[in-house]
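# Observations on the three-dimensional arrangement
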Amino acid sequence: MFRITADHPQAKLVAGGTDWAVEVNQRFARASVQVGLDQIPELRSLVWHSRYLEIGAGLTLSELEAALGSSIPLLQEWFPRFASRLIRNRATLGGNLGTASPIGDSPPVLLALRAELVLAHEAGERVVPLAEFFTGYRQTQLQPGEIIRAIRIPLPLAPTAHFYKVCKRPMDDISTVAAGFALELEGRIVRSICIGLGGVAPTPVRAYHTEAALLGKPWDERTVQAAAETIRAEFTPIDDHRGSAAYRKAMLGRLLEKFFYHTSEVVA
Ligand SMILES: Cc1cc2nc3c(=O)[nH]c(=O)nc-3n(C[C@H](O)[C@H](O)[C@H](O)COP(=O)(O)OP(=O)(O)OC[C@H]3O[C@@H](n4cnc5c(N)ncnc54)[C@H](O)[C@@H]3O)c2cc1C
């Protein structure tokens, strides 16, 4: 594969083709050379290591959903919210991250899981935190000739995590705002929290200020109300046909509150 991409630097990588086919059909994109990734074994493995799970970037979401079962509860909750079964039968994580869309649904959950990406090049591999992968609107750290080979999810997982997707239709719709939350408490105190967001900035983002505001605080209504103010102020989303900036900001606060209420049995 690397030989083909070296000989044809403009070659288009195609995994499931669910984004690329829309570019072809609706925006009349064309590529003189397309490289299919769907049969490359190195992109299709799923390996549990002691300190991380490594997911091949070319596995389809349906394959992953079946293979993982309930072992990553946040992903188990997330799969059904992603498009339809037809799309999940083709779509891959590599393709979702490769488009670098600010409203792609995998970054919020993978950011909450503190994922890292294994980027492969003819010359070797490097590992980058997903939080540093997106460099601007639809821009990534990928260098010419480099692909996403795998996604690593560090273990152990935070004990409590949820995903929320705000969209116009409950199923098979693109996110207006999406959020992944992963929380670890020590007693009632926030020991760690990781918040991944989509739809509120030119790239998917971590809510670092809000996370810092919650660390070490009691996980109670008062703390969360204050943090809801922080998360609303942390981002300056845009107005578009999916939702106004004010709506998106309001949703940020609401989703944090929703996560708190969904975790109330943990602290009861
Ligand atoms: C009807 C419909 C519903 C959808 N619903 C959702 C939804 O709910 N949520 C959502 O987030 N998306 C949704 N999408 C968008 C799309 O399905 C996803 O982005 C999907 O994950 C893309 O994966 P793919 O393998 O099909 O990517 P492809 O179309 O094959 O590729 C997409 C891009 O990523 C690049 N790429 C692919 N693999 C790699 C790799 N390993 N390394 C580097 N670059 C790579 C390609 O070159 C291309 O630029 C929807 C699309 C459709 C048509």
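By the naming in an unreviewed UniProt entry, the protein chain is Carbon monoxide dehydrogenase medium chain, taken from Meiothermus granaticius NBRC 107808.

## What to know about the overall build of the protein chain
Along the backbone of the protein chain there are eleven helices and 13 strands. Radius of gyration (C-alpha) of the protein chain: 19 Å, near the 18 Å computed for a compact globule of 268 residues. On the principal axes, the C-alpha backbone points of the protein chain span a range of 60 × 45 × 30 Å. Every one of the 268 residues in the protein chain was classed for burial, and the buried ones make up 49%. For the protein chain, long-range pairs separated by at least 24 residues make up 59% of all intrachain contacts whose partners lie at least 6 apart in sequence. Entry remark: accessible area of the protein chain is about 13,100 Å², with carbon and sulfur atoms responsible for 53%. Computing the positive centroid from 29 side-chain charges and the negative centroid from 28, the protein chain places the two 3 Å apart.

## Considering the pairing of strand S9 (residues 147–154)
Counting buried residues in S9 gives seven out of eight residues, a clear majority hidden from the surface. Two strands pair when backbone bridges link them, and strand S4 (residues 52–56) and S9 are joined in this way by five bridges, in the antiparallel orientation. Paired with Tyr-52 across the bridge in S9 is Pro-154. Where strand S5 (residues 116–121) lies against S9, five bridges are found, and the strand directions are antiparallel. By the bridge assignment, Glu-116 is partnered in S9 with Arg-152.

## Brief notes about the packing of aromatic side chains
The description of two aromatic rings rests on the distance between their centres and on the angle between their planes. Enumeration according to the criterion identifies eight aromatic pairs in this entry. Residues Trp-78 and Phe-82 carry aromatic rings whose centres are separated by 5.4 Å and whose planes lie at 65 degrees to one another, so their mutual orientation is edge-to-face. The interplanar angle of 10 degrees and the centroid separation of 4.8 Å between the aromatic rings of Phe-181 and Phe-259 together place this pair among those described as stacked. Highlighted residues: Phe-181 in strand S11 (residues 177–186) and Phe-259 in helix H10 (residues 245–262), separated in sequence by 78 residues. One exposure class covers both Phe-181 and Phe-259, and it is buried.

## Here's the deal with the side chain of Ser-101
Mapped onto the elements of the fold, Ser-101 is located in the loop between helix H6 (93–99) and helix H7 (106–112). Among residues more than four places away in sequence, those in contact with Ser-101 are Arg-138 and Pro-204.

## A closer look at unusual backbone geometry
Leu-155 connects to Pro-156 through a cis peptide bond whose omega is 0 degrees. Mapped onto the fold, Pro-156 is located in the loop between S9 and strand S10 (160–166). One non-glycine residue, Phe-28, lies in positive phi territory at about 60 degrees. Along the chain, Phe-28 turns up in the loop between helix H2 (20–27) and strand S2 (34–36).

## Focus on helix H3 (residues 61–68)
Counting along an α-helix, one turn takes 3.6 residues, and residues three or four places apart therefore face a common direction. By the burial criterion, the buried members of H3 are Leu-61, Ser-62, Leu-64, Glu-65 and Leu-68. Angularly, the buried residues of H3 cover 160 degrees about the axis, an arc narrow enough to put them on a single face. With respect to the buried face of H3, the exposed residues turned more than 90 degrees away are Ala-66 and Ala-67. On its buried side, H3 packs onto strand S3 (46–48), S4, helix H4 (73–78), helix H5 (85–88) and H6.

The rules behind each value
Counting restarts for each chain: residues are numbered from 1 in the order of the written sequence. Side-chain atom pairs in this predicted model are given and counted only at pLDDT of 80 or more, local residue features only at pLDDT of at least 70, and totals for whole chains, interfaces and linings cover all residues. Neither water nor hydrogens contribute to the side-chain values; these are computed over all heavy atoms in the structure. Helix numbering and strand numbering both begin at the N terminus, where a helix is a DSSP run of H or I of at least 4 residues and a strand a DSSP run of E of at least 2. As defined in this context, the radius of gyration uses C-alpha atoms, and a globule is described by 2.2 Å times the residue total to the power 0.38. Relative accessibility under 20% of the residue-type maximum defines a buried residue, over 50% an exposed one, and the middle range a partly exposed one, all with a 1.4 Å probe and only protein chains included. Contact between two residues is taken to exist if any of their heavy atoms lie within 4.5 Å; hydrogens are not considered. Here the Shrake-Rupley method, with its probe set to 1.4 Å, supplies the accessible areas, and only the displayed protein chains count as covering residues. Counted charges follow a simple rule, with Lys and Arg positive, Asp and Glu negative, and His plus the chain ends left uncounted. Taken as the charge location is NZ of Lys, CZ of Arg, CG of Asp or CD of Glu. Note on pairing: DSSP must find at least two bridges between two strands before they are called paired. Stacked, edge-to-face and tilted labels apply to pairs of Phe, Tyr and Trp rings (six-membered ring for Trp) whose centres lie within 6.5 Å, assigned for plane angles under 30 degrees, over 60, and everything in between, in that order. In this context, the arc is that of the directions from the helix axis out to the C-beta atoms.

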